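Coordinates in review
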Amino acid sequence: MLLRHTTKEVKEREGLTINPAKTCQPIGAMYAALGIHGCLPHSHGSQGCCSYHRSTLTRHYKEPVMSATSSFTEGASVFGGQANLLQAIETIFAVYDPEIIAVHSTCLSETIGDDLQQITKKASDDGKIPQGKRVIYASTPSFVGSHITGYANMVTGMAEQFAVSTGEKKNQVNVIAGWMEPSDMREIKRYAKDLGANIVLFPDTSDVLDAPQTGKHEFYPKGGTTAEELKSTGDSKFSLALGCISAEPAAIALDKKCKVPFETLDMPIGLSATDRFIMSLSKAAGVKVPAEITSERGRLVDVIADMEQYFHGKKVALFGDPDQLIPLVEFLLDLNMKPVHIVSGTPGQRFEKRMKEVLERAPYANFKNGLSADMFLLHQWIKNEPVDLLIGNTYGKYIARDEDIPFIRFGFPILDRIGHSYFPSVGYSGGLRLVEKILGALLDRQDRDAPEEKFELVM
Amino acid sequence: MEANIHFPDPALIKEELINKYPAKVAKKRSKSIVINDPETIPEVQANVRTVPGIITQRGCSYAGCKGVVLGPTRDIVNITHGPIGCSFYSWLTRRNQTRPESPEHENFITYCFSTDMQEENVVFGGEKKLKVAIQEAYDLFHPKAIAIFSTCPVGLIGDDVHAAAKEMKEKLGDCNVFGFSCEGYRGVSQSAGHHIANNGVFKHMVGRNSKPAEGKFKINLLGEYNIGGDAFEIERIFEKCGLNLVASFSGNSTVGQIENAHMADLNVILCHRSINYMGDMMETKYGIPWMKVNFVGAESSAKSLRKIAEYFDDAELRARIEEVIAEEMPKVQAVIDEIRPRTEGKTAMLFVGGSRAHHYQDLFNELGMTTIAAGYEFAHRDDYEGRQVLPSIKIDADSKNIEELKVTADPELYSPRKSEAELEALKEKGLEINGYEGMMKQMQRKSLVIDDVSHYESEKLIELYKPDIFCAGIKEKYVVQKMGVPLKQLHSYDYGGPYTGFEGAVNFYKDIDRMVNNPVWKLIKAPWEKAETESLEASYVTQ
């Protein structure tokens, strides 16, 4: 057994996290910053942070992930990291010539109290930022929140530091992407196009983290929300935040700064959440839903109806991130499945409240988030109440193998399969992909375990 | 030796690599970029601070300590004391394989343990939470040992992990608890973490169990982390040769082995950079000499086995080792014969690690490939130029912060395995005891040696030299491949391996053949793009 020491008996833990269902803020900030066109993310901390984040994102995307670091040494940790960041800004503009540097902090720079606003201002005052270029920042100490809140903080930084209200409203809607894949962001743009809605999507990692092989490495790939587009978000007539944890804070910031009203939606994963997204986007943009989208929806409902017998009552354990888990659990309930165990390391009452609303239809479910809501606990829950399906990131494969449970990779990070960055999970087509994956996993298992006389040809 | 491949003028290349840098940066980098001459090895600036913002391959001290050295241990509960990230990123990502004796034996490698430090722990201190975590780990798993790894905030807020470890060790009674001050900001790279790990393992583990080790030829394997099963292959060869492995530092190791390591008669060092401290300290305290070996490359493996036979100076062992080599080599040669016509004359670049960029050149040589540029990510000058430069290495402020243990001969356990005269005799026979000649002596004249290569320099090198293969790590993998050049990961082996010993060499040859001759590199251009280029060329010709 790979996880041979995991006990069935659940005991409350106060000090020890085992097999976390989250990671730290800075990686989220780095990922978000890659969704700005011409931007080089910068990690203000020890070299290890930057190296670890780049490695993890690279393993997940199998793509270049460029980012620089302030390379703290002990001296910088004692005397402050200002000199390191100033030198980094100078070096980066000289050597890599980005449009924008997006700096995020780390536990190290936050513990010693480095103030990114003050240091970036000094960089500007000292003439280290070339004309027309920008340095933005976000505070992302690793001892607060999770990778998801780090993402939210950087996206909020984009809104706060780019958006300008010129006083003239534009006929455009901001769509603020919660932490989702480049494939999902591409799909959101496709829906907007099909609807005829004029949107600014930010951040946008499509055409950044799914770049084509051309024989040439484009240091700044063609994708990403441009500085101009980010600036214009202040003049948009409305914002849709896709995710109450990873997107809403940026919408609030835009409302505060530029009086752009907003609505927070669940990420459009599964049927019901996509319905709400399409409704809200068509309303905000003042456009009608075209028949093609209705047909697309119909195809998803059709498959669910046709295959309903295989979903019914199947118990599912899930772990992952708030904005994905909320609509995914709702989708499982729409499929008549039973989400029995749900764990997320990301803390927050907003998340708890929204998940509990969704779980009103599933009073039997175990749900825990935040401190010590880890995969060790999830595994223990599974040992006490076995499940038919496990959904989560790659680390789930160890539980799936030990307990012999069908497993679907979903979330971050996925280190051992491809597809997530190319095929969307959002929208009706994304729903269809999820349904196909779920059915595939369940029916492969049925085929594997069926006695010979009950081995079915047609299913 | 001059390369049979035509190099561009390295002086011009060097100029190209640094001319875009701001003046101060260019000046600094130029000392780390040298044109090799194996006869009069030039000085390389190494183990110095990375220029902030330059985009480095390097990681941190924690990665070197917890990730590299202690990560491969299977029966220690390794708890990361800090915010969640560091433990998460070092969770199973280094591919340290391990094979517990039975399904009942401990294996914690698949687990990730963290104190998940929160803001209030940073403000009010995290020692209390750490002690609770240690107690919870003990109650759940009853491990033989618990190790604590400090992340950046821990040192800054003044948590004393060593005091907490000592207190908990006394309280628990039957569990060895010890801590490492391997905060990410210590030193200038992973290297500091290796040193800190060596110190901790030496202080808290080695020497705890003095039961005589079994066998006639008792060896410790140092600096082998069983990535992709490398240690398994070396274990196979050792067993076949009749060599008795006492302890491995630290691939496929156990606490019991390491505690008993001082009963061996020879330490062989694979990765000089990460573990040479242990070799030196064990020699001083217990009288065990160390010898640099290399099990990367079939010829090198054979050579290393012969060196071991020389050391033990035993006719039977010598004969057995020759038998093993005679048995293994034909299988290796058969594969070389098949593959070499497809790899001969191709070029490689290696920018990785603190030892791999040196040793993998042997495998490329066996394929008839030339290394035109190489460098380490976190090595020191001795790894480039050889240990004879050690006395001339200046200790700077960053190195001074890393503890240098004061080691003396153990009053009871010190017993020199070889007398001074015997050691002299071995040296005369050409056996390098406690020595390492470094990478540059083996590299061709006019090849480039670059320490802590930056992203910019890597791209330029590829553009200017167009190598057939580039060796580095995961962060570089897809960047280089986007340029149409295959990249072999020499940290994770692209999830293949083993690459050590004889079977490993065969694996490597096949992988390199597959990579440099893969049809995909010819499929990059779409047919219509090709047609466009051709018609352009055609119109140019007609003009």
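Parameters at a glance
Residues numbered from 1 in each chain as written. Chains lettered and ligands numbered in written order. Predicted model: local features only at pLDDT ≥ 70, side-chain atom pairs only at ≥ 80, totals over all residues. Axes fitted to C-alpha atoms, helices over the stretch in contact; angles between N-to-C directions. Helix = DSSP H or I, 4+ residues; strand = E, 2+ residues; numbered from the N terminus. Parallel < 35°, antiparallel > 145°, perpendicular 65-115°, else oblique. Left-handed = near helix turned anticlockwise from the far one by under 90°. Contact = placed C-beta atoms within 7 Å. Nonpolar A, V, L, I, M, F, W, Y, C, P; charged D, E, K, R; others polar. Buried ≥ 20, exposed ≤ 12 C-beta atoms within 10 Å, placed from the backbone. Pairing = 2+ DSSP bridges. Domains from an automatic or database assignment.

**Details of the packing of helix α4 (residues 82-95) of chain A against helix α6 (residues 116-125) of chain A**
Residues and elements named next belong to chain A.
- At a minimum axis distance of 10 Å, the contact between α4 and α6 shows a crossing angle of 50°. Relative to α6, the element α4 lies oblique. Relative to α6, α4 is oriented so that their crossing is right-handed. Along its contact with α4, which presents Gln82, Leu85, Leu86 and Ile89, the element α6 presents Ile119, Lys122 and Ala123.
- Its residues assigned to classes, the contact of α4 with α6 shows 5 nonpolar, 1 polar and 1 charged.

**With respect to the environment of Cys175 of chain B**
Residues and elements named next belong to chain B.
- Examined against the element boundaries, Cys175 turns out to sit in the loop between α8 (161-172) and β5 (176-180).
- Note on Cys175: 18 C-beta atoms within 10 Å, which makes it partly exposed.
- Distance in space between the C-alpha atoms of Cys175 and Ile76 is 9.9 Å, their sequence separation being 99 residues.
- When sequence neighbours within four positions are dropped, the list of residues in contact with Cys175 reads Tyr138, Pro143, Lys144, Ala145, Ile146 and Lys169.

**Examining the interface of chain A and chain B**
- Across the contact, 62 residues belong to chain A and 66 residues belong to chain B.
- Elements with a minimum of two residues in the side of chain A that touches chain B: β1 (17-18), α2 (47-61), α3 (74-79), α4 and α5 (107-111) of chain A.
- For the side of chain A that touches chain B, the per-class residue count stands at 24 nonpolar, 27 polar and 11 charged.
- Bridge analysis of β1 of chain A against strand β3 (residues 113-114) of chain B gives 2 bridges, and the strand direction is antiparallel.

**Comments concerning the domain arrangement of chain B**
- When cut into domains, chain B gives domain 1 (6-58 + 439-541) and domain 2 (61-184).
- For domain 1 of chain B versus domain 2 of chain B, the separation of C-alpha centres amounts to 37 Å.

**Points about the sheet that holds strand β7 (residues 199-202) of chain A**
All names here are of chain A.
- Across the sheet, which stays open at both edges, the 4 strands sit in the order β7-β6-β8-β9 with parallel pairing between neighbours. Pairing within the sheet leaves two strands with one partner each, and these edge strands are β7 and β9 (262-265). Adjacent strand axes in the sheet meet at a mean angle of 20° when their direction is disregarded.
- In this structure, strand β8 (residues 236-242) lies alongside β9, joined through 4 bridges in parallel fashion. In the strand pairing of β9, Ser239 is matched with Phe262.

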